[in-house]
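# Understanding the architecture of this molecule
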Amino acid sequence: MNSSRHIRNLTPLYCLHQAAYFFAIAAIGAFAMTYLLHQGFDAAQIGVILASTSILSCVLQPLIGNYVDKTSTSVLLKLIPFCLVTTLVALSFIELFALPKMITGALYIVGHLTFSITIPLCNSLCAYYAQHDYSIDYGAGSGVGSLSFSFASLIFGYIIANLGTSAMMLTALLFVAVQLLMMARYPKIQPAPRRAREGRRTEDSLSIPAFCRRYRLFMLTMLGVMCLAACHSMAENFLIQLFTRIGGGSEHVGIALFLACITAAPFLLFFERIQRRINVTVLLRLSGFFYVAKALLLIFAPSIVSIYLIELLQTFTYAFLYPSLYYLVLRRIRPQDMAKGQTLASAMYTLGTAMGNSLGGVVIDGFGLNIMLLLAACIACTGTVLINTTISHQDIAA
């Protein structure tokens, strides 16, 4: 029965997959503003494109997770390549053809959306292999991904400056294609055990409304996570305004993000071991307090160096929060609902970042940078209270 287990160590493959994803998303996501400006869009239009991507992602992730739970985990090995091929086609069309702006915007939404959806699906895939005793280290993959993103940010800045945004996008698409090749290296998933009692599948895997009813405390915890994600995006995505007011520029933003990612990477690399000694519930509790502290410290940051130092808190904010979600879902959600749990957790985090981006820009325009950061601290405080009051209690089966 267990002869297929422990045959391969999937951690190297998973780490390479994460490295390729985060390298590509640095271009497709982090440099979206720069790329779309070059395509002729103004700031307002870009805001609509990015907001649409985030909203659709939040809607589709749980629906896809529900579909996986209702059918078989084996469909992940088809869904992920399908999303990657769609990304390649959509974004390649933008580069290869002179298209109307409306079509270009729609294709960018499709490409960005399908690519971003692959990461929660890969989390579900990782959870499947871990539950079936394959050696696969989620934390190491997150750490390698963080390192990849940090170096990609510097490299793409150089590529844009010297070769243009098209060269940046073509480089990113190369890494998307690499992921497509890597998908063929994952072991095949046997669907038979999941379909053994087909008549009971509807009962075994909950619908999304039933999931939310059964896991009420979990969903409240995710609401707190959404608040922390909003604070994260409000603090990170408006760094240019922070640096500008103290005499800095975009180069300092790149350095700050690079330092933040490099600092968090060692913790993420060893997260698998760390979470065995420190319960992820403790890390999630603590992350909220550090998010509040970070937002408040940024209000009073007097110099470029001080912002660099504050960015070093990334280990205690993002690195405490994001990988902990994966392990929390593993511990709190039944295997029958695992894909749904992973995608819902990812969707709540995505919704939080979208809320932070839109709210942050509006508040800065209307009330200024300090009020925006103060609001970010208040939102993080709300999230911290929600997490600390709900996370210690497990949902009981109805």
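The following refers to the structure shown. Every chain is numbered independently, its residues counted from 1 as its sequence is written. At least 70 in pLDDT is required for a residue's local features to be given in this predicted model, at least 80 for side-chain atom pairs to be given and counted, and no such filter applies to totals for whole chains, interfaces and linings, which use all residues. Hydrogen atoms and water are omitted, and side-chain values are computed over all heavy atoms in the structure.

Attention now goes to the packing of aromatic side chains. Put simply, two rings from Phe, Tyr or Trp (the six-membered ring, in Trp's case) pair if the centres are within 6.5 Å, and we call them stacked under 30 degrees between planes, edge-to-face over 60, tilted for the rest. This structure, assessed with the given rule, holds 26 aromatic pairs. A ring pair is formed by Phe151 and Phe258, whose centres lie 5.4 Å apart and whose planes are at 75°; its orientation type is edge-to-face. Note that Phe151 is positioned in helix α6 (residues 138-163) and Phe258 in helix α12 (residues 250-269), a separation of 107 residues in sequence. Seen in terms of ring centroids, Tyr326 and Tyr327 are 5.0 Å apart; in terms of plane orientation they differ by 85°. Their pairing is edge-to-face. Categorising residues by exposure relies on relative accessible area from a 1.4 Å probe, with only protein chains included: less than 20% of the type maximum marks a residue as buried, more than 50% marks it as exposed, and the intermediate range marks it as partly exposed. Among the residues examined, Tyr326 registers a relative accessible area of 3% and is labelled buried. Counting from the N terminus, the helices are the DSSP runs of H or I reaching at least four residues and the strands are the DSSP runs of E reaching at least two.

Turning our attention to a nonpolar patch on the surface. Without a salt bridge and with relative accessible area above 30%, a residue can belong to a patch; like charges are then joined within 9 Å and nonpolar side chains (Val, Leu, Ile, Met, Phe, Trp, Tyr) within 5 Å. Where accessible areas are quoted, they stem from the Shrake-Rupley method and a 1.4 Å probe; at the residue level, only the protein chains shown are allowed to cover. A pairing counts as a salt bridge when a side-chain nitrogen of Lys or Arg comes within 4 Å of a carboxyl oxygen of Asp or Glu. Where nonpolar side chains cluster on the molecular surface, the patch consists of Val85, Val89, Phe93, Leu96 and Phe97 and spans about 470 Å² of accessible area. Mapped onto the elements of the fold, Phe93 is located in helix α4 (residues 76-96). For Phe93, a relative accessible area of 38% translates into the label partly exposed.

Looking now at the side chain of Thr118. Examined against the element boundaries, Thr118 turns out to sit in helix α5 (residues 101-131). Given a relative accessible area of 2%, Thr118 falls into the buried group. Those residues in contact with Thr118 that sit more than four places away from it in its chain are Tyr21, Ile80, Cys83 and Leu84. By definition in these notes, contact holds between two residues if any of their heavy atoms fall within 4.5 Å.

The next thing to look at is α6. By this rule, a helix spans an expected 1.5 Å times one less than how many residues it contains. With 26 residues, α6 extends 35 Å from end C-alpha to end C-alpha; this agrees with the ideal 38 Å at 1.5 Å per step. Backbone geometry just downstream of α6 places Gly164 in the positive-phi region, at approximately 100°.

Each axis is a line fitted through C-alpha atoms, taken for helices only over the stretch in contact, and angles between the N-to-C directions span 0 to 180 degrees. Their axes nearest at 9 Å, the elements α5 and helix α17 (residues 338-367) cross at an angle of 140°. By the angle class used here, α5 and α17 are oblique. In this structure, α5 crosses over α17, and the sense of that crossing is right-handed. Mapping the contact onto sequence places Pro120, Leu121, Asn123, Ser124, Ala127 and Gln131 in α5 and Met338, Ala339, Gln342, Thr343 and Ser346 in α17. Our angle categories are set so that under 35 degrees counts as roughly parallel, over 145 as roughly antiparallel, 65 to 115 as roughly perpendicular, and the remainder as oblique. Crossings are sorted by hand: turned counterclockwise from the far helix by less than a right angle, the near helix makes the crossing left-handed, and turned clockwise it makes it right-handed.

Our next topic: the nonpolar core. The definition of a nonpolar core used throughout is a set of buried Ala, Val, Leu, Ile, Met, Phe, Trp, Tyr and Cys residues joined through side-chain atoms within 4.5 Å. Ranked by size, the top nonpolar core spans 129 residues in total, and within it Ile28, Tyr108, Leu125, Tyr129, Phe156, Met168 and Phe218 carry the most contacts. If you tally residues by element for this core, the top one is α5, at 14 residues. In this structure Tyr108 touches Ala27, Ile28, Ala32, Tyr35, Leu36, Ile49, Leu91, Ile94 and Met169, once residues within four positions along its chain are discounted.

Phi is positive for Asp133, which is not a glycine, with a value near 65°. Mapped onto the elements, Asp133 comes out in the loop between α5 and α6. On the basis of relative accessibility, which here comes to 33%, the residue Asp133 falls in the partly exposed class.

Moving on, we come to the pattern of salt bridges. This structure, assessed with the given rule, holds 6 salt bridges. In this structure, Glu236 engages Lys294 in a salt bridge whose closest nitrogen and oxygen atoms are separated by 2.5 Å. Of this pair, Glu236 sits in helix α10 (residues 216-236) while Lys294 sits in helix α14 (residues 280-299); the two residues are 58 residues apart in sequence, bridging distant segments of the chain. When sorted by exposure, Glu236 lands in the same class as Lys294, which is buried. The shortest N-O distance in the salt bridge between Asp337 and Lys340 comes to 3.4 Å. With relative accessibility at 0%, the residue Lys340 sits in the buried group.

Relative orientation of the contacting elements α14 and helix α15 (residues 304-311) amounts to 180°, with a least axis distance of 10 Å. Judged on the interaxial angle alone, α15 and α14 are roughly antiparallel. Each of Lys294, Leu297 and Leu298 in α14 lies in contact with α15, whose residues at this interface are Ile307, Ile310 and Glu311. Residue type decides the class: Asp, Glu, Lys and Arg count as charged, Ala, Val, Leu, Ile, Met, Phe, Trp, Tyr, Cys and Pro as nonpolar, and the leftover types, Gly among them, as polar. Considered class by class, the residues forming the contact of α14 with α15 number 4 nonpolar, no polar and 2 charged.

Our next topic: α10. Over its 21 residues, α10 runs 30 Å from end to end, which matches the ideal 30 Å to within 8%, given 1.5 Å per residue. Of all 21 residues in α10, 17 are buried; the element is thus mostly enclosed.

With respect to the helices, strands and loops of the structure, Thr343 is situated in helix α17. A polar contact of 2.8 Å, which involves the side chain of Thr343, links it to the backbone oxygen of Ala339. Polar contact criterion, stated in full: a pair of N or O atoms within 3.5 Å, where within protein one must be able to donate a hydrogen and the other to accept it, and residues adjacent in sequence count only if both atoms are side-chain atoms.

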